[in-house]
Amino acid sequence: MDRYLLRYFLAVAELGSFSKAAQRVSVTQPTLSVGIAKLEDEVGARLFERTTRRVSLTPAGSKFLQHARRITQEYEAALREVSTTPQRKRLRAGILSTIPARDLERVVAQHARNAGGEALEILDSTERDIANRLSDGRLDVAITILRPGLESFAQESLRKEPYVLFVAANHKLSGVESIDGGELAGETMIVRRQCEGLPEISRYFTNRDVRPSFSLRTLSDDRAMSMVAAGLGVTVAPSSFKASGLAAVKLSGFELSRDVGLVFSDRMRDRGGAFVEAARATYASAGGRRKVR
């Protein structure tokens with residue numbers, strides 16, 4: 001069995017989408033579909049149920065998923081064991097895609113200054129994918145949102161932050177401390193499509209009979225915030241997205257917040273290392289509070 005077929009299979013299984021999986025493994029969607037079809041021929045069973053709305057594992061696919069993950073882990077372990085090239089200690093870190101880029105930049109810069117022989121491999125991904133990879137040992141540690149579903153992992157809170165309304169620095173609401181969402185009926189909104197709080201944000205405005213027009217829907221938080229600064233619209237985001245050209249306004253009656261922290265796989269029993277210390281130092285300097293669970 002070709003290893004690339006396992007990569008295709010795992011990407012589709014974890015993302016639930018052929019198009020997203022193709023982007024992750026850097027192939028076209030038709031190429032990925034052909035690969036999955038070849039894999040299904042080899043194993044003699046259909047691995048995915050496909051509808052116009054979603055892709056899900058068949059019973060055979062669910063069974064094969066366990067083996068595919070184990071084969072991948074064993075392959076990587078074998079490479080490390082038999083390699084004759086001296087290797088630096090490698091740490092595989094997951095970073096939630098909605099962590100501001102400048103926060104990650106500070107962590108990585110701090111790590112570079114004090115790496116101490118630790119090589120860093122970063123995966124930028126979703127909450128679900130990060131949790132799956134922590135579970136099966138393909139990640140050592142992650143900076144993500146601490147959720148009830150992660151109780152089986154050791155956790156350490158780095159920063160709890162509220163969601164606020166962001167407007168351009170020259171917007172009429174700039175300088176306003178707080179506003180009720182019902183007063184935003186005439187505003188044009190920018191939608192951060194990866195936002196974890198999107199359902200709660202939508203309910204907040206719907207409950208106030210606010211159905212704004214949208215000027216931009218994007219998967220890129222950097223693009224969303226730059227367009228807010230340019231005056232294209234307003235958006236709701238965690239307070240850590242505050243930057244030059246933006247003003248933050250509290251939404252009255254909207255108490256949503258997120259707890260960003262470190263989540264450790266079972267492999268990281270000591271909960272230490274250059275990357276972990278860099279994350280702790282970076283968030284501490286930004287006013288975060290550490291809380292170990």
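These numbers were taken from a predicted model, which means no experiment stands behind them.

Caption draft 1: The arrangement of the overall build of the chain in detail. Assigned secondary structure in the chain consists of nine helices and 13 strands. When the backbone C-alpha atoms are referred to their principal axes, the chain occupies close to 60 × 50 × 30 Å. Out of the 293 residues in the chain, the part that is buried amounts to 45%. Here the analysis covers contacts within the chain between residues at least 6 apart in sequence; of these, 74% occur between residues at least 24 apart. Per element, the accessible surface of the chain, about 15,400 Å² overall, is 48% carbon and sulfur. Within the chain, the 35 negative side-chain charges are centred at a point lying 1 Å from the centre of the 45 positive side-chain charges.

Caption draft 2: Spotlight on the environment of Ile145. Relative to the elements of secondary structure, Ile145 occurs in strand S5 (residues 141-145). When its relative accessible area of 3% is taken as the criterion, Ile145 is described as buried. Sequence separation between Ile145 and Ser240 is 95 residues; the distance between their C-alpha atoms is 13 Å. In this structure, Ile145 is in contact with Leu96, Glu127, Leu150, Glu196, Arg258 and Asp259, ignoring residues within four places of it in sequence.

Caption draft 3: Summary view of the pairing of strand S3 (residues 89-96). By the criterion of burial, S3 is predominantly enclosed, with six of the eight residues buried. In this sheet, strand S4 (residues 118-125) lies alongside S3 in parallel orientation, the contact comprising eight bridges. Residue pairing across strands places Lys89 opposite Glu118, the latter belonging to S4. In this region the chain leaves S3, passes through helix H5 (residues 101-113) and returns to the parallel neighbour S4; the handedness of that crossover is right-handed. Of the strand pairs in this sheet, S3 and S5 are connected by three bridges, and their pairing is parallel. The residue of S5 that forms the bridge with Ile95 is Ile143.

Caption draft 4: The confidence of the model for the chain, seen in detail. In the predicted model, the chain carries a mean pLDDT of 90, and the fraction of residues at 70 or more is 95%. Put simply, strand S13 (residues 291-292) is where the chain has its lowest mean pLDDT, 55, and strand S10 (residues 235-238) is where it has its highest, 98.

Caption draft 5: Examining unusual backbone geometry more closely. Here the phi dihedral of Ser26 falls at roughly 60 degrees; this positive angle occurs in a residue that is not glycine. Turning to its location among the elements, Ser26 is positioned in the loop between helix H2 (18-25) and helix H3 (29-43). Overall, Ser26 belongs to the exposed group, its relative accessible area being 66%.

Caption draft 6: Up close: the pattern of salt bridges. Per the counting criterion, the structure on display carries 23 salt bridges. Across the pair Asp180 and Arg208 runs a salt bridge whose closest N-O atoms are separated by 3.4 Å. With Asp180 in strand S7 (residues 178-180) and Arg208 in the loop between helix H7 (198-206) and strand S9 (213-218), this residue pair connects regions lying 28 residues apart in the sequence. Taking the relative accessible area as the measure of exposure, Asp180 reaches 27% and is therefore partly exposed. Relative accessible area serves as the criterion here: at 27%, Arg208 is assigned to the partly exposed category.

Caption draft 7: Region of the structure containing the pairing of S5. Counting buried positions over the five residues of S5 gives five, a clear majority of the element. Where S5 lies against strand S12 (residues 257-264), five bridges are found, and the strand directions are antiparallel. Looking at the pairing, Ile143 lines up with Leu262 of S12.

Caption draft 8: Focus on the environment of Ala274. Tracing the chain through its elements places Ala274 in helix H9 (residues 274-285). A C-alpha to C-alpha distance of 9.9 Å links Ala274 and Val107, two positions 167 residues apart in sequence. Leave out the neighbours within four places in its chain, and Ala274 touches His111, Asn114, Ala115 and Glu118.

Caption draft 9: Up close: the nonpolar core. Among the nonpolar cores identified, the biggest contains 28 residues, and Val141, Ile143, Leu262 and Phe275 are the most heavily contacted of them. Going through the elements one at a time, S3, helix H6 (127-135), S5, strand S6 (154-168), S12 and H9 are the ones with two or more residues in this core. Sort the elements by how many residues they give to this core and H9 lands first, with five residues. Discounting residues that sit within four places of it in the chain, Ile143 has contacts with Gly94, Ile95, Leu96, Ile99, Val260, Gly261, Leu262, Phe275, Ala279 and Tyr283. Tyr8, Ala13, Val25 and Phe64 belong to the second-largest nonpolar core, a separate cluster that totals 22 residues.

Here is what the cut-offs are and how they apply
- Residues numbered from 1 in each chain as written.
- Predicted model: local features only at pLDDT ≥ 70, side-chain atom pairs only at ≥ 80, totals over all residues.
- Heavy atoms only, no water.
- Helix = DSSP H or I, 4+ residues; strand = E, 2+ residues; numbered from the N terminus.
- Buried < 20%, exposed > 50% of the residue type's maximum accessible area, 1.4 Å probe, protein only.
- Contact = heavy atoms within 4.5 Å.
- Areas by Shrake-Rupley, 256 points an atom, 1.4 Å probe, with all protein chains shown as cover.
- Lys, Arg positive; Asp, Glu negative; His and termini not counted.
- Charge placed at Lys NZ, Arg CZ, Asp CG, Glu CD.
- Pairing = 2+ DSSP bridges.
- Right-handed = clockwise from strand over helix to strand, strands pointing away.
- pLDDT = per-residue confidence, 0-100.
- Salt bridge = Lys/Arg side-chain N within 4 Å of Asp/Glu carboxyl O.
- Core = buried A, V, L, I, M, F, W, Y, C linked by side-chain atoms within 4.5 Å.

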